[in-house]
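What the coordinates show
Here is how the chains run, residue by residue.
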4 protein chains.
Amino acid sequence: MDNSLRTPDLTWEKVRSQVDHVIWPDGKRIILLAEGRLVNLSCSSLPSFVVSITAATQMPEKLRDGMTGYKDRNRRRFSLPTAARYMDKSQDSRRSSIASVCSTSSSYTGSSSDDDDVSPREKIQKNSKGFSDFCVRNINQHAFGRREIEIAEQEMPGIMALRSRAGDDKPLKGAKIVGCTHINAQTAVLIETLAELGAQVRWAACNIYSTQNEVAAALAEAGFPIFSWRGETEEDFWWCIDKCVNAENWQPNMILDDGGDATHLMLKKYPAMFKMIKGIVEESVTGVHRLYQLSKAGKLTVPAMNVNDSVTKTKFDNLYSCRESIIDSLKRSTDIMFGGKQVVLCGYGEVGKGCCQALKGLGCVVYITEIDPICALQACMDGFRVVKLNEVIRNVDIVVSATGNKNVVTREHMDKMKNGCVVCNMGHSNTEIDVALALIELFNAPHGRYKSDVYLLPKKMGMCLFRL
Amino acid sequence: MDNSLRTPDLTWEKVRSQVDHVIWPDGKRIILLAEGRLVNLSCSSLPSFVVSITAATQMPEKLRDGMTGYKDRNRRRFSLPTAARYMDKSQDSRRSSIASVCSTSSSYTGSSSDDDDVSPREKIQKNSKGFSDFCVRNINQHAFGRREIEIAEQEMPGIMALRSRAGDDKPLKGAKIVGCTHINAQTAVLIETLAELGAQVRWAACNIYSTQNEVAAALAEAGFPIFSWRGETEEDFWWCIDKCVNAENWQPNMILDDGGDATHLMLKKYPAMFKMIKGIVEESVTGVHRLYQLSKAGKLTVPAMNVNDSVTKTKFDNLYSCRESIIDSLKRSTDIMFGGKQVVLCGYGEVGKGCCQALKGLGCVVYITEIDPICALQACMDGFRVVKLNEVIRNVDIVVSATGNKNVVTREHMDKMKNGCVVCNMGHSNTEIDVALALIELFNAPHGRYKSDVYLLPKKMGMCLFRL
Amino acid sequence: MDNSLRTPDLTWEKVRSQVDHVIWPDGKRIILLAEGRLVNLSCSSLPSFVVSITAATQMPEKLRDGMTGYKDRNRRRFSLPTAARYMDKSQDSRRSSIASVCSTSSSYTGSSSDDDDVSPREKIQKNSKGFSDFCVRNINQHAFGRREIEIAEQEMPGIMALRSRAGDDKPLKGAKIVGCTHINAQTAVLIETLAELGAQVRWAACNIYSTQNEVAAALAEAGFPIFSWRGETEEDFWWCIDKCVNAENWQPNMILDDGGDATHLMLKKYPAMFKMIKGIVEESVTGVHRLYQLSKAGKLTVPAMNVNDSVTKTKFDNLYSCRESIIDSLKRSTDIMFGGKQVVLCGYGEVGKGCCQALKGLGCVVYITEIDPICALQACMDGFRVVKLNEVIRNVDIVVSATGNKNVVTREHMDKMKNGCVVCNMGHSNTEIDVALALIELFNAPHGRYKSDVYLLPKKMGMCLFRL
Amino acid sequence: MDNSLRTPDLTWEKVRSQVDHVIWPDGKRIILLAEGRLVNLSCSSLPSFVVSITAATQMPEKLRDGMTGYKDRNRRRFSLPTAARYMDKSQDSRRSSIASVCSTSSSYTGSSSDDDDVSPREKIQKNSKGFSDFCVRNINQHAFGRREIEIAEQEMPGIMALRSRAGDDKPLKGAKIVGCTHINAQTAVLIETLAELGAQVRWAACNIYSTQNEVAAALAEAGFPIFSWRGETEEDFWWCIDKCVNAENWQPNMILDDGGDATHLMLKKYPAMFKMIKGIVEESVTGVHRLYQLSKAGKLTVPAMNVNDSVTKTKFDNLYSCRESIIDSLKRSTDIMFGGKQVVLCGYGEVGKGCCQALKGLGCVVYITEIDPICALQACMDGFRVVKLNEVIRNVDIVVSATGNKNVVTREHMDKMKNGCVVCNMGHSNTEIDVALALIELFNAPHGRYKSDVYLLPKKMGMCLFRL
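Residues numbered from 1 in each chain as written. Chains lettered and ligands numbered in written order. Predicted model: local features only at pLDDT ≥ 70, side-chain atom pairs only at ≥ 80, totals over all residues. Heavy atoms only, no water.

A word on the sheet that holds strand S3 (residues 29-33) of chain B. Strand pairing in a sheet relies on backbone hydrogen bonds. The paired strands run either parallel or antiparallel. Residue and element names in this part refer to chain B. Pairing in this open sheet of 8 strands is mixed, and the strands run S1-S2-S3-S14-S13-S10-S11-S12 from one edge to the other. Each edge of the open sheet is held by one strand with a lone partner, namely strand S1 (11-16) and strand S12 (385-386). Helix-sheet contacts for helix H13 (residues 350-361) involve strand S10 (342-346) and strand S11 (365-369), and the interaxial angle to S10 is about 170°. (Pairing = 2+ DSSP bridges. Helix = DSSP H or I, 4+ residues; strand = E, 2+ residues; numbered from the N terminus. Contact = heavy atoms within 4.5 Å. Axes fitted to C-alpha atoms, helices over the stretch in contact; angles between N-to-C directions.)

Bringing the relation of the copies chain D and chain C into the picture now. With an axial shift of 0.1 Å and an RMSD of 0.1 Å, the rotation relating chain D to chain C amounts to 180°. The two molecules are tied by a two-fold rotation axis, judged by turn and shift. When the interface residues of chain D are mapped onto chain C, 100% of them again lie at the interface, so the same face is used by both copies. (Least-squares fit on C-alpha atoms with pLDDT ≥ 70 in both.)

With 16 residues of chain D at the contact, the number on the chain C side is 16 residues. Here chain D packs against chain C, burying approximately 1,000 Å² in sum over the two surfaces, 63% of which is carbon and sulfur. When residues of the side of chain D that touches chain C are traced back to their parent elements, those giving at least two are strand S11 (365-369) and helix H14 (373-381) of chain D. In terms of residue class, the side of chain D that touches chain C is built from 8 nonpolar, 5 polar and 3 charged. (Buried area = accessible area lost by both parts, 1.4 Å probe. Nonpolar A, V, L, I, M, F, W, Y, C, P; charged D, E, K, R; others polar.)

A common way to state how big an interface is: give the accessible area lost once the parts meet. Each partner contributes to the interface: chain D provides 40 residues, whereas chain B provides 39 residues. A salt bridge links Glu324(B) to Lys331(D), with the shortest nitrogen-to-oxygen separation between them at 2.7 Å. Applying the counting rule to chain D against chain B returns 8 residue pairs in polar contact (both at pLDDT 80 or more). Only strand S1 (11-16), strand S3 (29-33), helix H4 (142-154), helix H12 (311-334) and helix H13 (350-361) of chain D provide two or more residues apiece to the side of chain D that touches chain B. (Salt bridge = Lys/Arg side-chain N within 4 Å of Asp/Glu carboxyl O. Polar contact = N/O pair within 3.5 Å; in protein donor to acceptor, adjacent residues only side chain to side chain.)

Attention shifts here to the relation of the copies chain D and chain B. The transform that puts chain D on chain B rotates by 180° and translates by 0.0 Å along the axis, for an RMSD of 0.2 Å. Interface overlap between copies: 98% of the residues of chain D at the interface are likewise at the interface in chain B, consistent with a symmetric, same-surface contact.

Quick look at the domain arrangement of chain A now. All names here are of chain A. By the assigned domains, chain A splits into domain 1 (101-312) and domain 2 (319-441). For domain 1 and domain 2, the distance between their C-alpha centroids amounts to 30 Å. Taken together, the contacts link 22 residues of domain 1 with 13 residues of domain 2. Both sides of the domain 1 and domain 2 interface together cover about 1,500 Å² of buried area, and 77% of this is carbon and sulfur. It is Leu162, Glu283 and Val307 in domain 1 that bury the most area against domain 2; as a group they hold 25% of the surface buried on that side. Inspection of the domain 1/domain 2 interface yields 0 salt bridges. Linking domain 1 with domain 2 are 0 residue pairs in polar contact (both at pLDDT 80 or more), by the criterion used here. For the side of domain 1 that touches domain 2, the secondary-structure elements that each account for two or more residues are helix H5 (157-166), helix H6 (185-196) and strand S7 (254-257). Residues belonging to the side of domain 1 that touches domain 2 are distributed by class as follows: 15 nonpolar, 5 polar and 2 charged. (Domains from an automatic or database assignment.)

Looking now at the sheet that holds strand S10 (residues 342-346) of chain C. Residue and element names in this part refer to chain C. Pairing in this open sheet of 8 strands is mixed, and the strands run S1-S2-S3-S14-S13-S10-S11-S12 from one edge to the other. One side of each edge strand has no neighbouring strand; the edge strands of this open sheet are strand S1 (11-16) and strand S12 (385-386). Taken together, the 5 bridges between S1 and strand S2 (residues 19-23) define a ladder with antiparallel strand orientation. The residue of S2 that forms the bridge with Trp12 is Val22.

This part is about the environment of Gly145(B). Residues and elements named next belong to chain B. As for its placement among the helices and strands, Gly145 is situated in helix H4 (residues 142-154). Look at Gly145 and you get buried, because its relative accessible area is 0%. In this structure the C-alpha to C-alpha distance between Gly145 and Ala188, which are 43 residues apart in sequence, comes to 9.6 Å. Gly145 has contacts with Glu214, Val215 and Ala218, leaving out every residue within four places of it along the chain. (Buried < 20%, exposed > 50% of the residue type's maximum accessible area, 1.4 Å probe, protein only.)

With that settled, consider unusual backbone geometry. Glycine aside, residues mostly have negative phi angles, and peptide bonds mostly take the trans form. Of note in the backbone geometry, Lys170(A) takes a positive phi value of approximately 45° without being a glycine. Following the sequence through the fold, Lys170(A) ends up in the loop between H5 and strand S4 (176-181).

All names here are of chain D. With 12 residues, helix H6 (residues 185-196) should reach 16 Å at 1.5 Å per residue; the first-to-last C-alpha distance of 17 Å fits that figure. Within H6, 9 of the 12 residues are buried, which leaves it mostly tucked inside the rest of the structure. Ala185, Thr187, Ala188, Val189, Leu190, Ile191, Glu192, Thr193 and Leu194 are the residues of H6 that are buried. Among the residues trailing H6, Gly198 stands out with phi positive, at a value near 110°. (Expected span 1.5 Å × (residues − 1).)

What follows covers the packing of aromatic side chains. Taken as a whole and judged by the stated rule, the model has 20 aromatic pairs over all chains. Members of the aromatic cluster, connected to one another through ring pairs, are Phe227(A), Trp229(A) and Trp239(A). The ring centre of Trp24(B) lies 4.7 Å from the NZ or CZ of Lys28(B), which sits over that ring. (Phe/Tyr/Trp six-rings, centres within 6.5 Å; stacked < 30°, edge-to-face > 60°. Lys NZ or Arg CZ within 6 Å of the ring centre and 35° of its normal.)

Over its 12 residues, helix H11 (residues 285-296) of chain D runs 17 Å from end to end, which matches the ideal 16 Å to within 8%, given 1.5 Å per residue. Put simply, Ser284(D) is the residue that caps the front of H11(D), since its side-chain oxygen is 2.8 Å from the backbone nitrogen of Gly287(D).

All names here are of chain C. The element strand S5 (residues 200-205) is extensively covered by neighbouring structure, given that 5 of its 6 residues are classed as buried. Looking at chain direction, strand S4 (residues 176-181) and S5 are connected through 6 bridges and run parallel. The residue of S5 that forms the bridge with Thr181 is Ala205. Crossover S4 to S5 through helix H6 (residues 185-196) is right-handed. Bridge count for S5 against strand S6 (residues 226-227) is 2 bridges, and the pairing is parallel. In the sheet register, Ala204 faces S6, and the bridge partner there is Phe227. The parallel pair S5 and S6, bridged by helix H7 (residues 213-221), forms a crossover whose chirality is right-handed. (Right-handed = clockwise from strand over helix to strand, strands pointing away.)

Residue and element names in this part refer to chain D. Here Lys341 shows up in the loop between H12 and strand S10 (342-346). Judged by relative accessible area, which is 13%, Lys341 ranks as buried. With 163 residues separating them along the chain, Lys341 and Val178 place their C-alpha atoms 46 Å apart. Side-chain polar atoms of Lys341 contact the backbone oxygen of Met337, separated by 3.0 Å.

Have a look at this one:
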């Protein structure tokens, strides 16, 4: 957290899961969502909960770990579990406190079991068929998780079509996939689709907070080796990934990664195993960035697909998903009414455009800050006033950051905000079907089609997607 | 015209028909549409040209006759032609100059004949069947006028339905109607519908500028006694109405009025004839106001229908018609691009709401000024910033007045406007079908149903309209 | 519940609180929100939860108690508690089951105490100051409830302004108010405002499901005599109201009612006390309807304010609140994505207009059904296709009913819906500030200003509201 | 014209300039704008008149020259004037008839002189300073043209900024430019800017219909050698370009082309002169296509800038300009009311997106046809129903083609349209400032920076544009 916000003059008060009031000495309160992380995490009890904390690199840096910062965070993330001593104490305790808040208050069904102090690693659990190669919070929550998965299936017609059309071909027969993503209902649909296409999988979370415990339980109940729960420690986190990579009778040949942690761990700890990999699919900005660095450094010895930049992500996820998320997450976390609210939106890229549409549709007065002249001109032509943040900061009710830059909203701005101003950060989400297609492509590619480099999803696969 | 704009320090330059540049000593130009009258009059060459100059009482008074003002204007309008000495010289000459500009430049087809100095009253014209009971600019323009009427028919499904459904019943058989409205293609459709329903009519213009000469010619060619041309003098104006009221073998029994002039003239000059009237239909704010005054004073000896306040006018004309007019008239008169323009709209009633929708739809940044708290709150909840005019006047590109009040946009405001700012006034338009239904109702009402008072269109007639 | 849905061929599955899947023999599922009650009740864990179940009379009747229907429900509501035998068994058990679902799953903070079988009436609870004149689920939940109230205060600037401006005058000094409304955070703000204005209050819930237990606890902790919890029985319901009406040293002189139950009980059971009342304020359609009936029957011996029909409710609540609610409630209950969804909205009144704006703003294709010709024409001019429900029922993803009529969406329609179609009903919400102003007006009115009749909020009070 | 529309069973009736009624044997009329050319040409009397007839290659081919088609048209365009015999008689006469319609009816100011049969080539005209190196319709119309230019300047802040900032540097000093574009007020602003930057120019029209005669007169009056009038013959057309290329004491060193005709003529007829050219700037799709062909064939011996594909054109012109044009042109040509109209828009590219925004903003019900899956999905997510043309053709009021393909709207479709259906084609417009920057860049580029090839505007120039 930004040191300038973690000062003795400011009081922090958690009012709901992921909603903090930061209280100024004069009583003014700023409502800070998810401590500046992606705001679409804000509601913890529903499937939309978990989206890409990993990729939450868009937040004003000063609002996050003042000391560590963006690069450091990545460095930390990529450090191996032995680096646990690295974590400073205060952060550790904050994490735990969040985790405990989450565990006590936010799970949908009877969350009492979340409360217990026993780490899942110390529990012995079996599913109803006696299978025990997993580690989740509470296997008994599986029924509720299954319902969430079924609901998610109805909203994912693309991947369900892939399942029904390609199910007979088993194009992933023989694929052994190490997966490392957020574990929510949508991911579960992906995982079960991969299995239906013939793959074997082992799966861990790419983030210590983002697992939907009930969904993880449902996957375990269905016989998938899942290692993940909400509120893992840093050490748990790496332990879980390790359990996916390294298991008896298991030589993985593919990696499906979101953030690059599984790739990193295997590369560092199991280099021999890494060489056997047929391909990597990576769906986050951060992870893709990492892959390009590896490639430049000549250390990437396998082909990788950059799913993050496929057209269905940039043109759809960013725009249309965020159009939905901004409303949903602000509503769930603050119960604010939008009509007549003044909102400043920092950044008019695809994410910003989507947010603006939604906010305008509900009667907000929207201002834009933008440094790119093309995007600024678009904002202007779309009927939004393009301003500097300082011009409007005293009057706005909501500040949304969607720039992808650091230091957009600073302590200095927050000092000027009015009482009750909501500060949040908008992010992006995933496109599982691209991931599945990329896996199929990489897995079935004739030897030599892809060198050890990073690729975009081939065009024909993109078209394939739309024909589903 | 507002005296404060008609000062030696300001230069006036007419750039198109009804578009003036008012030039400040420093070179700044304000683009003033229709000299502050309703802007949807701005384009003279097309059917949408003529809408309610009569009712153009919404304009900031200072922009109009500084001396005379709202009430005076009405007084003048209602004074009989003998009052010609009343008109001050400068105004008279301005009128002529506009008329001449109109006549030379704005008519669609070969308008050369408009130029001739011969007053229509001095010409002898006959239509192709030898009929000569009319007075229009040039009977030879009838073919183009007929095409305009046919185009208008396609956009008036309601009245065309009335024509086809009620045509056989001839519900207006025996009705002898004196009509006094703007004479444009839409009115022509109304006139011909009344005739198809069985009525006899004589028709004059309710405004000296608003006649579409070609349409008047087409009506004359079709055998209607029309007395109207663009650029009438004040004396011509009353002469034309008199020709409609007072003719051989003609005892009118109904009045269809827009502004109250025909009613006024008949009441004052032919009181005996007035008593024979079965009913009056009035479609303007001004005229209705006048009728209520007559009614209060006990001078209204016949029933009258207030068409102006029927739900189909207030809820539809004002909102939806103005939504179309604002764009159309600003485009035709200024060729301005809307995207990104800053617009301040004074007044968020039905007219203002309609304008806002259209402007927002084309990417304008819209500000609202509003004194009514309910409307102001609506503007706010609809996502518009509610401001005081002074706050934004220096920055806006377009100022639209839609308040119905006086002195909304003053010289003081204009001094602060930036170069090239467009100033216009939005108005309202007509609903001919209500007029037709009201006529039928009044004409066929059993004796005694309506006293000598002002009525709203009966509900069942309103329903009838929607069943067409 | 509609008997035709409660047949052996259909399976019901509760997937979340207030979200049911109704499963057809062929596996098709219709997602039915709140069993056809107002959908903005759908999310139980947040302040927006509770809105007017009382008024939930707009739902297609066939989807509700097939046998009892609209009038019966009211009759039952107005029957005294002694009529407990009236309730048929099946309904009773359904209620309990819902109540228990609510109690186990939906409360935000540690809801375990909701589970206990002990009725609040049998518990002995005291707040931290030893005060015990209340009956709530669990006084210990007050801290969370207080936070919810504080959040609500930030979104209620009008009533907070009233508090700060009129707080010194104590215009309600001496008022003794019996309140009977939904008990949620917003109501709590109202209650505490009344107290700040000088009033004494006793408060009960107007609905057996709608109480936010934490908020009730917070009010009790603050020393208010609150008698209300989620999951009351019918007998509890009347007991609670009775506790508010009839207490030691308590002669109420005002009633603030939502649905008319407190009014009804006092009139029937304590007629002498009823005559001492200075005025009634009623905020629901049902309650107002009842008051008019009493007035006609000559039984209303005190003046009453019809808050339901004040302009700030019909023009704002219905339109703007529902614009927010439709999105929020559908999101929370179904996690559906709106972009590209086909939605049919039955009814284009204020509620329908608001819903359409929101849905269109998020990229839905919206169809309208409407029987009123003016509203239908408005829908058309606003760019929505006006259809008959049967034309589109096979293709739509969401069916929203906002008509106020019965039998809008029938079993026959549901048979044609596609798998996963969401069926919901949209309602309306409250305007507490009008209530407060009406109370002040009635309480301070000089003797004789108001007869024993039903009034609308006086105009000057309406203006007063906007000057806050 | 499409042969299937030019059959004896169909009657053609011209109702306004560029508006035809095509009448079926049963009386049904289809309103065909600009005979299927770009509809933003439709109103001939105003500055917005002229946009890119040259590029009007997007129209359903069957609606145009059935025999010749797209490629043929280009071939014809590039054939030298000697190929006049190529033109088939019927087409020639059609052209003349249009030209004559234009000349008689559409010019704004006293257009009588357009009527005269004397070709401008046979007239001797001088401007007020005795300059006679030009050929326009009527030099006396210059005053009105100047006003149009001044109005245009106010709407072109970018190029005016370039004028004021770079005016002193004269970056085009020594440039001798042959220009060949539509000649309207906007182009005039460009031409005068080039002169202020130091260039000498000679200019011809790139289209025989598109010249605004008054603007050409104003340029001639200002001393520019302009060779252009509305209604040129094919021979006139090439004569005019030749007059620009080949003059005494004139060795041009740059070409500014729109369609490639000037380039073509110089290359073929004056190859030696062509080699002296420093660079070509081309702003149309057609011309750019031609340049790439020349480049591939090794015949392009000079560098060329492809202005057509600069981001400011594709992202702005296509989207935002068409958003304005669609409304403006339909209004001016048909006076249609948009609210409630059903519109099918073929193609959801940038042009289609812009049109949709505008139409939706005015209350149309919009359907989309689209063959590209990404664009179709976008239309869907934006809330438009994606259909096949045949599904809706019987119900729609307006058909807009914005696909860039051939045979989109066919006779078969037109047979199914309802009476009064409007058929139009949407196009694109220009970005003069890019043209000016490209000229500066090419003219000042150090020797060798650009090879003989086609380039996009360099990025730094793009940025330069936004800093203006």
